[in-house]
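Tertiary structure, described
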Amino acid sequence: MARYQLLIEYVGTNFRGWQIQKKGLTIQGLIQKKIKKILKEKIILNGSGRTDTGVHAIEQSAHFDCKNEISNLSKFLNSINYFLNKQSISIKNIKKRSSKFHSRFSAKQRIYKYVIFNQINAPVIEKHRGWHVKNPLDVKLIKNGAKKLVGTNDYSTFRSSSCHAKSPIRTIKSIKIKSLKNKIEIEFKSQSFLQQQVRSMVGCLKFLGEKKWDLKTFDKVFKSKKRALCAPPAPPEGLFLTKIIY
């Protein structure tokens, strides 16, 4: 058996997320189907993690095993992208890996980016590539709130009710915030995240930036470990999986 890692870029707008579902088009399902067609054998594509409906990826990582080595990787890339590019998916690279490599369990850090367009008018060219927030946001307040989220903590407040993780304890290594004109980018780095954790944290940071909450309230909500107190999660179209570090 030969093992290969794929680096994948996709627009998640028209998909029901990464993971194969009983109904609806998924990224994992479509790529798996196309690889099967090219290699003429059944394969299972394992992703580094799930992305929800509408979430994008700049560099998702996945791997699969096949019976024989792929003799021409460039030809394989051209063939599969011929089918996938029409669906807003692109395989950026393919690498041969040892059997010890696992796209999910070998990952040391995952980096997500959330984009907010803080302006009166709705973006047109970048529609579905960020969260349009009309109310003015105080970026300094958002940065102060983000500092409280870094470290090893219980993130129950930001955990989806359907999350199956064994523990709500996670370690956020860093949160970086960039603001240029009307565009705010928030980058989160951690080995792993709870379901809807990033979007829920962004939703709370938005409340803080709008001054619906002060820092004391933000901290109280975070430490309450109560999902019911969390602000509405940010919409999926602003979230990008940007890189998996091994």
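I will try to describe carefully the structure that is included in this document. (Residues numbered from 1 in each chain as written. Predicted model: local features only at pLDDT ≥ 70, side-chain atom pairs only at ≥ 80, totals over all residues. Heavy atoms only, no water.)

Looking at the pattern of salt bridges
A complete count under the given rule lists twelve salt bridges for this structure. Note that Asp-65 and Arg-3 form a salt bridge whose closest N and O atoms lie 2.7 Å from each other. One end of the pair, Asp-65, is in strand β3 (residues 56-66); the other, Arg-3, is in strand β1 (residues 2-10), with 62 residues separating them in the sequence. According to the relative accessible area criterion, Arg-3 is buried, its value standing at 15%. Between Glu-126 and Lys-183 there is a salt bridge whose closest N-O contact spans 3.5 Å. Of this pair, Glu-126 sits in the loop between β5 (109-118) and β6 (131-133) while Lys-183 sits in strand β9 (residues 183-190), and the two are 57 residues apart along the sequence. Of the residues examined, Lys-183 reaches a relative accessible area of 28% and is grouped as partly exposed. Through salt bridges with shared partners, a single network forms among Glu-126, Lys-178, Lys-183 and Glu-185. (Salt bridge = Lys/Arg side-chain N within 4 Å of Asp/Glu carboxyl O. Helix = DSSP H or I, 4+ residues; strand = E, 2+ residues; numbered from the N terminus. Buried < 20%, exposed > 50% of the residue type's maximum accessible area, 1.4 Å probe, protein only.)

Some words on the packing of aromatic side chains
For the structure on display, the rule yields eleven aromatic pairs. Pairing Tyr-82 with Phe-83 gives two aromatic rings, centres 5.4 Å apart and planes at 80°, and the pair type is edge-to-face. Of the residues examined, Tyr-82 reaches a relative accessible area of 56% and is grouped as exposed. The exposure class assigned to Phe-83 is partly exposed, which follows from its relative accessible area of 25%. The lysine or arginine in question, Arg-97, covers the ring of Phe-101, its NZ or CZ lying 4.3 Å from the ring centre. (Phe/Tyr/Trp six-rings, centres within 6.5 Å; stacked < 30°, edge-to-face > 60°. Lys NZ or Arg CZ within 6 Å of the ring centre and 35° of its normal.)

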